[in-house]
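Residue strings, one per chain:
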Amino acid sequence: MLQALKLAPARWALFLSVLFAFGSVLPAWQVFSAPDHYLALHTALEVFSITVSAMVFGLGWSLRRTPQSGPFVWLGIIFLAVGLSDFLHVLSYAGMPVFITPSGAEKAINFWLVARSFAVLGLLVLPFLGCTRWSVTRLRLSLLAVLAAVTLMAWVILFQPHALPQTFVPGQGITALKIRIEYVLAAAYAVAALLLFARGVRDGVRALTWLAAAAWTMALAELYFTLYVDVSDVFNVLGHGNKLAASVMIYKAVFSAGVREPHAALAQERALLRAMIDSVPDLIAFKDTRGAYLGCNKAFSRCYDLSEESLIGHTDTELFGPGMQQSGEAGGAAVARKPERHEEWIEGPDGNMRLFDTLHIPFHDEAGALLGEIGISRDFTERRRVREQIAEREQRLLMALQGASLGIWDWDIGTGRMSFSPLWAEMLGRTLDEVAQDVSSWEALVHPEDWGHIQATLGPHLRGETKSYTAEYRMRHSDGHWVWVQDAGRVLERDEEGKALRAIGLHQDISSRKAMEESLLQLATSDPLTGLWNRRYFTEMANGELGRVRRHGSNAGFLLIDLDHFKRVNDTWGHAAGDEVLRHFSGLVSGHLREVDVFARLGGEEFGVLLPCIDDAAGALRAAERLRDLIASNPAIVSNAPLPFSVSIGVAMLDAEDSGFDVIFTRADEALYEAKRSGRNRAVLARTEKDRGCAPEDVQPLSEMAPR
Ligand SMILES: Nc1nc2c(ncn2[C@@H]2O[C@H](COP(=O)(O)OP(=O)(O)OP(=O)(O)O)[C@@H](O)[C@H]2O)c(=O)[nH]1
């Protein structure tokens, strides 16, 4: 860019400098035999410069209200002074008719020096001016000051010539003073050239580099004017030639910057704007205050199947018939006076109706006067369809969630905010207003005993160790009871390090399922008549206890209890009485066992008691005797009459060597048989496997030792 900026102006400045190097050594030969012969050429050259000065002023004046116009206004005012001074210089030139006072070289030189002084002042100040717009006062004052200065100078030169030092001596040529002034002007032009060039390169402004070249060329012109002897000699002609070249450069600079470049920039902007509005899918159109189209984009043309040319100058009513006015409807105006927005159904060229969301925006000139409106329409048909579909799906989902009694929670883990669906709250007998949208609300409602279970499943999932999270736990209902919920959720968002950011999940009320599971379990593990554990459950418990005996070497006992002559009870008092005796027996024994003991009905009138943590076989036998005694001394009440009964008990200890409960049962059953055989209403301790190896008569039944 730097190259393009400085190359052409610098080349011209260099070329004219070389020309000066050769030209300055020429002898001062007369180009014209008499000054009169040069007059026409001089006048033509000066008229050109004056025209350029007038155009510079005209441009500066017309741009005075635009932003960044300061430098143009400054140059305009200065070149008005330059043009006027040059005009007076032309009128005063030797050979010209009398202009107030007789024409002559000295008078022309004085106007010339005034013009050059203005020009050099303008160019020297220009690099220091900011690109701002001048106020009206500043502009007027500057203009008045310059006109006053020119008038004053003209008055002095015309009416007080003797007050000025001599610059030309007829027959001898220019004076030493005039030469010195020309040198000063040349130096000032050269400085201005350097300053302008530096600023031009720094700011990337090509016009300034052309002005720098013009200043440099003027410096060379001034040097030519230090050399001439006669106004028609070669140096004067060359000086004026350089001045002409400088005028061309000024013209190029000022008109490029003020007219051509802004015009090109405007054209580029228009092209950009056009490409932009044509690239958007929205319908864009511009209208004047009458409502007539000023233009539109491609999408608009396509939608209405009308070219932009056919739209321009016509109103909606003219194009589409009455009733099609699309803006300013409220006030009946042709265009909107303030931004308006509305939805409208428009029939497309294919005959289909489409929904448009249209925005009417008025636009104004700098003074705020309404120029028209911009209409931007967005096709909403598809979006509305999607919106309706989403709403329908949401409705369906909501209904499904309601049907399945599912509540939703959405947890922002970082902030702790947790939002719940209305159904979530409803499940717990609450409304959303009563539940703070916070994770602490959820925590507060969870059963304290279930926390461990929740943490055991939620923790690994939050850490990313499992794909999802499910847990069943209890939550507090507003009326105080516990609601069983099944919670299933998963983390939706994690950060780059895998830290969970957001999780979402569903709560389902599973209280009835839990109740059913409980009753099924009850059915599967208990005896319906007595409410005691059944044989299946008892077997499981006994096997579990056998495992503990094996692992820890602890002691545990098993009592097999059978009601004596129960058949007689049934036969004598009836089956219902038998049932009553069984219930009485169960209640009696249950009330006298430890919490850790397991009491079950193993079948018919046969019962089992598992005694974990018993000291030894003697302890188990003592427990059996206590029960036997309890039963013998607490008859059942049948038909308001006491019905005494007794039990026989086989006692067996769980042995680490036992393969399972069946073996223990068999041992206890043998002891029970022994108790029955020995007369009933007694407890007998089973022999161990070791005892079995000995002769039966060697073993004294422990039952014999037990108290009756
Ligand atoms: N009422 C009632 N009787 C039952 C129930 N289950 C079993 N029985 C009866 O219990 C009786 C058991 O009789 P047996 O096996 O001969 O034994 P027993 O009469 O108790 O005689 P020993 O055991 O030798 O003392 C049978 O008559 C069964 O019908 C029950 O649920 N209710």
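Fair warning: this is a prediction, and the values are worked out from it, not measured in the lab.

**A few points about the site of the ligand**
- Near the ligand lie 16 residues; those nearest to it are Phe566, Asn570, Asp579, Arg601 and Arg680.
- Contact between the ligand and Lys567: an oxygen atom at 2.9 Å from a main-chain N or O atom of the residue.
- Asn570 places a side-chain nitrogen or oxygen 2.7 Å from a nitrogen atom of the ligand.
- About the coverage of the ligand: the protein hides 68% of its 660 Å² of free accessible area.
- Elements with a contribution of two residues or more to the shell around the ligand: strand 13 (556-563), helix 18 (566-573) and helix 19 (575-590).

**Description of the UniProt feature "transmembrane region" (unreviewed entry) in the protein chain**
- Under the feature "transmembrane region" (unreviewed entry), the UniProt entry names residues 12-32, 38-60, 72-91, 111-129, 141-159, 179-198 and 210-229.
- Note that residues 72-91 is 100% helix and 0% strand, and that its end C-alpha atoms are spaced 28 Å apart.
- The distance from the first to the last C-alpha atom of residues 141-159 is 26 Å, and the span holds 100% helix and 0% strand.

**A closer look at the packing of helix 4 (residues 105-125) against helix 6 (residues 176-203)**
- Interaxial distance between helix 4 and helix 6 falls to 9 Å at its minimum, and their mutual angle equals 20 degrees. One finds that helix 4 runs roughly parallel with respect to helix 6. Crossing handedness for the pair helix 4 and helix 6: left-handed. Facing helix 4, whose interface residues are Ile109, Trp112, Leu113, Arg116, Ser117, Ala119, Val120, Leu123 and Leu124, helix 6 presents Lys178, Ile181, Glu182, Leu185, Ala188, Tyr189, Val191, Ala192, Leu195 and Leu196.
- Of the residues assigned to the contact of helix 4 with helix 6, the class counts are 15 nonpolar, one polar and three charged.

**Some remarks on the packing of aromatic side chains**
- Under the counting rule described, the total for this entry stands at 20 aromatic pairs.
- Taking 4.9 Å as the distance between ring centres and 75 degrees as the angle between the ring planes, the aromatic pair formed by Phe20 and Tyr224 counts as edge-to-face. Of this pair, Phe20 sits in helix 1 (residues 2-23) while Tyr224 sits in helix 7 (residues 206-224), and the two are 204 residues apart along the sequence. Here the two residues Phe20 and Tyr224 agree in accessibility, since each one is buried.
- Pairing Phe585 with Phe607 gives two aromatic rings, centres 4.5 Å apart and planes at 55 degrees, and the pair type is tilted. Taken together, the positions of Phe585 in helix 19 and Phe607 in strand 15 (residues 606-612) put the pair 22 residues apart, joining distant regions of the chain. Across the pair, exposure class does not vary: Phe585 and Phe607 are buried alike.
- Here the aromatic residues Phe538, Phe558, Phe661 and Phe665 are joined through ring pairs into a cluster of three or more.

**Some details on the pattern of salt bridges**
- In total, this model carries 35 salt bridges according to the counting rule given.
- One salt bridge in this structure joins Asp203 and Arg202, with 2.9 Å as the shortest N-O distance.
- One salt bridge in this structure joins Arg385 and Glu382, with 2.4 Å as the shortest N-O distance. In this pair, Arg385 and Glu382 both sit in helix 12 (residues 381-403), three residues apart, roughly one turn of the helix.
- A residue is classified by how much of its surface remains accessible, and Arg385, at 41% relative accessible area, is partly exposed.
- What emerges from the salt-bridge pattern is a single network uniting Glu46, Asp86, Arg116 and Lys243.

**Section: the environment of Thr457**
- Mapped onto the fold, Thr457 is located in helix 15 (residues 451-462).
- Thr457 sits 13 residues away from Thr470 along the chain, and the two C-alpha atoms are 6.9 Å apart.

**Description of the layout of surface pockets**
- Taken as a whole, the largest pocket spans an internal volume of roughly 760 Å³.
- Forming the boundary of the largest pocket are 28 residues, of which Gln68, Phe72, Ala257, Gly258 and Pro262 lie nearest the centre.
- Looking at the lining of the largest pocket, the elements that each hand over two or more residues are helix 3 (70-92), helix 6, helix 7 and helix 8 (234-279).
- Sorting elements by how many residues they give to the lining of the largest pocket places helix 8 first, with 10 residues.
- Each residue belonging to the lining of the largest pocket can be placed in one class, and the counts come to 19 nonpolar, five polar and four charged.

Parameters and conventions
Residues numbered from 1 in each chain as written. Predicted model: local features only at pLDDT ≥ 70, side-chain atom pairs only at ≥ 80, totals over all residues. Heavy atoms only, no water. Near = heavy atom within 4 Å. Polar contact = N/O pair within 3.5 Å; in protein donor to acceptor, adjacent residues only side chain to side chain. Areas by Shrake-Rupley, 256 points an atom, 1.4 Å probe, with all protein chains shown as cover. Helix = DSSP H or I, 4+ residues; strand = E, 2+ residues; numbered from the N terminus. UniProt positions renumbered as here; feature names shortened; annotations may be inferred. Axes fitted to C-alpha atoms, helices over the stretch in contact; angles between N-to-C directions. Parallel < 35°, antiparallel > 145°, perpendicular 65-115°, else oblique. Left-handed = near helix turned anticlockwise from the far one by under 90°. Contact = heavy atoms within 4.5 Å. Nonpolar A, V, L, I, M, F, W, Y, C, P; charged D, E, K, R; others polar. Phe/Tyr/Trp six-rings, centres within 6.5 Å; stacked < 30°, edge-to-face > 60°. Buried < 20%, exposed > 50% of the residue type's maximum accessible area, 1.4 Å probe, protein only. Salt bridge = Lys/Arg side-chain N within 4 Å of Asp/Glu carboxyl O. 1 Å grid on protein atoms, 1.4 Å probe; cavity = no way out; pocket = protein on both sides within 12 Å on 5 of 7 lines; lining within 4 Å. Points joined across faces, edges and corners; volume = space filled by probe spheres on them.

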